[in-house]
Amino acid sequence: MSILVYADHDGSTVTPATRSAIACAQVIGEPIDLLVTGHDCGPVADSAAGIPGVNRVFLADAEHLGQQLAENVAPLLENLARDYSCVLAAATPAAKNILPRVAARLGVQQISEIVRVVSPDTFVRPIYAGNALATVQSSDPIKVITVRATAFDAVAADGGNASVEPLDAGQDAGLARYLGSELHASEGPELASARVVVSGGRGVGSADNFSLIEGLAKALGGAVGASRAAVDAGYVPNDFQVGQTGKVVAPELYVAVGISGAIQHLAGMKESKVIVAINKDPEAPIFQVADYGLEADLFTAVDEFRDALAP
Amino acid sequence: MKIVVPVKRVIDAYVKVRVKSDGSGVDTENVKMALNPFDEIALEAAMRLKESGQASEVVAVTAGPEAAQQQLRTALAMGADRALHIDTPADIQPLAVARLLVAICDREQPDLVLMGKQAIDDDANQVGQMLAALQGWAQGTFISALEPGEGEVLVTREVDSGHERLALPLPAVVTVDLRLNEPRYPKLPDIMKAKKKPIEGLTPEELAVDISTGLSVLKVEEPPARVGGARVNSVAELVEKLQQEAKVI
Ligand SMILES: Cc1cc2nc3c(=O)[nH]c(=O)nc-3n(C[C@H](O)[C@H](O)[C@H](O)COP(=O)(O)OP(=O)(O)OC[C@H]3O[C@@H](n4cnc5c(N)ncnc54)[C@H](O)[C@@H]3O)c2cc1C
Ligand SMILES: Nc1ncnc2c1ncn2[C@@H]1O[C@H](COP(=O)(O)O)[C@@H](O)[C@H]1O
C-alpha cells in the first residue's frame with residue numbers, strides 16, 4: 001500500500017493535522033510520500049522531510065500554487081496518484097476543497113473524514129453529525145481518503161530525514177482567480193490542536209462580552225471557540241465555529257459557556273477528554289455530555305473561574 | 001444566467017436519528033424528512049438572483065426515490081421554475097450523484113450550479129467539487145457571499161483563518177455555507193402554485209449513467225455513548241475537581 005499524503009501547511013511548516021493524517025497513513029501501510037504545493041514554500045518541504053516515517057517529499061513550487069486553488073493543485077495529485085494505492089489528507093478546509101476533485105478525476109468514491117482504519121480497504125467514519133458510525137469498504141484501485149485529525153495522535157515533527165524532490169508544478173488552470181483574503185492572526189494556540197478550548201455561545205450575548213471567554217481561555221492556556229449561533233450573531237469570526245459544519249476539536253479540556261448543546265455542536269466536541277458546561281438552564285442538553293456541569297450565570301461564574309486560576 | 005440547484009432529501013436536522021438494530025442503516029420510517037439545509041440556502045441564493053433580474057431560470061434537481069419529489073415541491077414553492085427527478089435509491093453516493101449531474105449539465109447547459117456544501121446525512125462534502133472537476137469548471141466552495149460579475153461570479157469563501165475572495169469564470173460550481181443567507185419559508189399561495197409546476201422524471205439509464213461505485217457500507221452502528229451528567233455546585237468545586245480528579249489544569 002504506497003500512500004501519497006497531501007501536506008496542508010501554513011507557509012512555513014506542515015500543520016499538526018497533516019501529522020495526524022500521517023499517523024493514520026502508517027496504520028494503512030507504507031511507503032508514505034508527501035506532496036507539498038505552494039509558492040516559496042521550500043521551508044515547508046524541509047520541515048516535511050523531517051517528519052519520521054516519511055519516505056519522499058515532492059515539492060511543487062510556483063506562483064499559481066500560492067493560494068492552494070483546487071483547480072491548480074488537484075491535477076498534481078491526480079498525476080502522482082496513479083503510482084499509489086492511496087491518496088490521503090487531513091480533512092482541513094483546503095483538503096476538503098481539493099481531494100474530491102482528485103477522486104472524481106480518478107473515477108473513485110472518496111471516503112470522507114475517517115476516524116478508524118479497520119484494514120487497508122475498510123474504514124470507520126461518522127455520519128449524521130456523529131450520531132452514527134458507518135463501516136465502509138472500498139474496492140477502488142486507488143483509495144482517496146480524508147482523515148479526521150482528532151482521531152489520530154500526530155506523529156512527531158522531527159527526527160526523520162526524507163529526501164525532497166522537485167516536481168513539475170504544471171500550469172495555471174486559468175479558472176478561479178484569487179482576489180484577496182481577510183485573515184486574522186489569532187493569539188494563543190490553534191483551535192484545532194489546542195490542549196484546552198473555551199467556547200462561547202449565544203448566551204455570551206455580544207462581541208464585547210466575548211472578552212470574558214478570551215480571558216478564561218488565556219488563563220487556561222487554551223484557544224477560543226464558538227457555537228454557530230455566536231458566529232452568526234457576529235460575536236466572533238467564522239473560523240471559530242465548532243461543530244458538524246465547523247471545526248472538530250478533541251482537546252483534553254473543553255469548556256462550553258452559554259452553549260445549549262445542539263447535536264450539530266456536539267458533533268464537533270464530544271470526543272474531548274473532559275467537558276465542562278456552564279449554563280443557567282438546568283435542562284440544557286450540554287449537561288448530558290458534560291463531565292462537570294455548573295448551573296450558573298456565566299457573567300459571574302466565568303470571572304470567578306478565571307480568578308481561581310490566577311496564581 | 002441559468003441556474004441548476006441540486007437538492008437532497010434528508011432526515012430533518014432537528015430529529016434525533018436512530019440506528020437500526022440490525023446495523024443496516026438509520027431508521028427513516030415515520031421520520032420527518034426535509035430539504036438538506038444547505039440546499040435551502042442555495043435555493044434562496046438562486047431565487048434572489050432571479051428576483052433581482054440577474055438569473056433567467058432556476059431548475060431544481062434531485063437523485064433519489066419517488067418520495068424525494070416532496071422536496072422538489074418545496075423547492076418549487078420556494079420559487080424554482082421547474083424540477084427534475086432522477087429515480088435512484090436513497091443511498092446513492094456522491095460520485096454517482098456528480099456523474100448524474102454531469103448528464104444534467106449536458107442537457108440543461110446552466111451557467112451556474114449552486115448547491116449545498118454538504119448533505120447532513122452522509123456528511124460527505126464531495127458532490128460540488130466532483131462535478132466541477134468532471135466538467136473542468138472552476139469551483140467556489142463553502143461560500144458566505146456571492147455577487148454576479150461580467151461572465152463570472154465573485155464569491156467569498158470561509159477558509160481556515162478567515163475569508164478568501166475568488167472570481168469564477170462561468171460556467172462554475174458554487175457550494176454554499178450556512179452564513180450566505182436565511183432561506184424563506186414558502187407561503188401558502190406559493191405552495192399551491194408549486195403543485196402546478198412541472199416535475200420531469202428521469203432515470204440513470206436515460207441519462208446513460210452507471211450509478212454503481214466502489215464503496216459499500218458494511219454496517220452502521222451507534223457511537224459509544226458518552227457518560228456525562230455529573231454536576232458541581234460551585235466554581236470552587238469545579239476548579240478542585242479539574243485539578244484533583246480530572247487533572248487537566
Ligand atoms: C445544518 C446545520 C448545521 C449546523 N452546524 C453547527 C455547527 O457546526 N456548530 C454549532 O455550534 N451549531 C451548528 N448548528 C446550529 C445548532 O443547531 C444550534 O442552533 C446552535 O449550536 C445553538 O448555539 P448556542 O448553543 O450558542 O445557542 P442557544 O441554543 O440559543 O443556547 C444558548 C444557551 O445559553 C444559555 N445562556 C443564556 N444566557 C446565559 C447566562 N447568562 N449564563 C449561562 N447560560 C446562559 C441558555 O440557557 C442556552 O442554553 C447547525 C445547524 C444546522 C441546521
Ligand atoms: N441525491 C442527491 N441529489 C441531488 N443533489 C445531491 C444529492 N446528494 C447530494 N447532492 C448535492 O450535493 C451537495 C453535497 O452533498 P454531499 O457531497 O453528499 O455532502 C448537497 O448539498 C446537494 O446540493
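One can find the structure itself at the top, above this paragraph.
Residues numbered from 1 in each chain as written. Chains lettered and ligands numbered in written order. Predicted model: local features only at pLDDT ≥ 70, side-chain atom pairs only at ≥ 80, totals over all residues. Heavy atoms only, no water.

Here's the deal with the interface of chain A and chain B
Then comes step 1: On the side of chain B, 79 residues touch chain A, which itself brings 81 residues to the contact.
Then comes step 2: Surface buried jointly by chain A and chain B totals about 6800 Å² across both partners, of which 53% is contributed by carbon and sulfur atoms.
Then comes step 3: Interface area lost by chain A to chain B is led by Q109, Y128 and Y292 of chain A, which between them contribute 12%.
Then comes step 4: The tally of links between chain A and chain B comes to five salt bridges.
Then comes step 5: K247 of chain A is the partner of D160 of chain B in a salt bridge, and the nearest nitrogen-oxygen pair spans 3.3 Å.
Then comes step 6: Remark: the boundary between chain A and chain B carries 47 residue pairs in polar contact (both at pLDDT 80 or more). (Contact = heavy atoms within 4.5 Å. Buried area = accessible area lost by both parts, 1.4 Å probe. Salt bridge = Lys/Arg side-chain N within 4 Å of Asp/Glu carboxyl O. Polar contact = N/O pair within 3.5 Å; in protein donor to acceptor, adjacent residues only side chain to side chain.)

Concerning a negative patch on the surface
Then comes step 1: Negative charge collects at one region of the surface, where E66, D87, E205 and E206 of chain B lie side by side.
Then comes step 2: In this structure E205 of chain B comes out as exposed when scored by relative accessible area, which is 63%. (Patch = residues over 30% accessible without salt bridge, like charges linked within 9 Å, V, L, I, M, F, W, Y side chains within 5 Å. Areas by Shrake-Rupley, 256 points an atom, 1.4 Å probe, with all protein chains shown as cover. Lys, Arg positive; Asp, Glu negative; His and termini not counted. Charge placed at Lys NZ, Arg CZ, Asp CG, Glu CD. Buried < 20%, exposed > 50% of the residue type's maximum accessible area, 1.4 Å probe, protein only.)

A look at the site of ligand 2
Residue and element names in this part refer to chain B.
Then comes step 1: Close to ligand 2 lie 20 residues; P6, D39, A63, A119 and Q126 are nearest.
Then comes step 2: At 2.8 Å, a backbone N or O of A63 approaches a nitrogen atom of ligand 2.
Then comes step 3: Within the backbone of A119, an N or O atom sits 2.7 Å from an oxygen atom of ligand 2.
Then comes step 4: Calculation on ligand 2 without its partners gives an accessible area of 480 Å², and the protein chains cover 99% of this total.
Then comes step 5: Here ligand 2 is seated within the largest cavity.
Then comes step 6: At the level of elements, β4 (57–64), α3 (94–108) and β6 (112–116) are the ones that each hand at least two residues to the shell around ligand 2.
Then comes step 7: Looking at the shell around ligand 2 element by element, the count peaks at three residues for β4.
Then comes step 8: Looking at the shell around ligand 2 residue by residue, the classes come out as eleven nonpolar, six polar and three charged. (Near = heavy atom within 4 Å. 1 Å grid on protein atoms, 1.4 Å probe; cavity = no way out; pocket = protein on both sides within 12 Å on 5 of 7 lines; lining within 4 Å. Sits in = over half its atoms within 2 Å of the grid points. Helix = DSSP H or I, 4+ residues; strand = E, 2+ residues; numbered from the N terminus. Nonpolar A, V, L, I, M, F, W, Y, C, P; charged D, E, K, R; others polar.)

Side note on empty space enclosed by the protein
All names here are of chain B.
Then comes step 1: A complete count under the given rule lists two cavities of 30 Å³ or more for this structure.
Then comes step 2: The volume enclosed by the largest cavity comes to roughly 330 Å³.
Then comes step 3: Along the walls of the largest cavity sit 27 residues, with K8, V97, M115, A119 and V127 positioned nearest its centre.
Then comes step 4: For the lining of the largest cavity, the secondary-structure elements that each account for two or more residues are β4, α3, β6 and α4 (127–135).
Then comes step 5: Tallying contributions element by element places α3 first for the lining of the largest cavity, with four residues.
Then comes step 6: Estimated volume of the second largest cavity: approximately 110 Å³. (Points joined across faces, edges and corners; volume = space filled by probe spheres on them.)

Describing the site of ligand 1
Then comes step 1: Within the structure, ligand 1 sits among 31 residues, and R202, S227, S260, Q264 and N279 of chain A are positioned closest to it.
Then comes step 2: With respect to ligand 1, the chains having nearby residues are chains A and B.
Then comes step 3: Contact between ligand 1 and S260 of chain A: an oxygen atom at 2.7 Å from a side-chain N or O atom of the residue.
Then comes step 4: Measuring from an oxygen atom of ligand 1, one finds a side-chain N or O atom of H265 of chain A at 2.9 Å.
Then comes step 5: Elements with a contribution of two residues or more to the shell around ligand 1: α6 (228–232), α7 (263–266) and α9 (298–309) of chain A together with α1 (37–51) of chain B.
Then comes step 6: Looking at the shell around ligand 1 residue by residue, the class counts come to 13 nonpolar, 13 polar and five charged.

Side note on the pairing of strand β7 (residues 138–148) of chain B
All names here are of chain B.
Then comes step 1: Direction of pairing for β7 relative to strand β10 (residues 172–176): parallel, over a ladder of four bridges. Residue pairing in the sheet places Q139 in a bridge with V173 of β10.
Then comes step 2: Bridge count between β7 and strand β8 (residues 152–159): five bridges; the pairing is antiparallel. What sits directly across from I143, in β8, is R157.
Then comes step 3: Taken together, β7 and the strand that follows it, β8, pair antiparallel across an intervening segment of three residues, in which G151 is found at a positive phi of about 65°. (Pairing = 2+ DSSP bridges.)

Points about the state of the cysteines
Two cysteines whose sulfur atoms are joined by a covalent bond form what is called a disulfide.
Then comes step 1: Inspection of every chain in the model, using the stated rule, returns zero disulfides over all chains.
Then comes step 2: Free cysteine C24 of chain A: the closest other cysteine sulfur is in C86 of chain A, separated by 7.8 Å. (Disulfide = S-S within 2.5 Å.)

Observations concerning a nonpolar patch on the surface
Residues and elements named next belong to chain B.
Then comes step 1: On the surface, L188, I191 and M192 cluster together to form a nonpolar patch covering roughly 280 Å² of accessible area.
Then comes step 2: Here L188 lies in helix α5 (residues 188–194).
Then comes step 3: Classification of L188 as exposed rests on a relative accessible area of 59%.

Notes on the pattern of salt bridges
Then comes step 1: Overall, the coordinates contain 32 salt bridges over all chains when judged by the stated rule.
Then comes step 2: Here E164 of chain B and R157 of chain B are joined by a salt bridge, their closest N and O atoms 2.9 Å apart. Exposure class is identical for E164 of chain B and R157 of chain B. Each is buried.
Then comes step 3: Through salt bridges with shared partners, one network takes in R228 and D232 of chain A together with E158 and R179 of chain B.

All quantities given are derived from atomic positions and should not be read as evidence of function.
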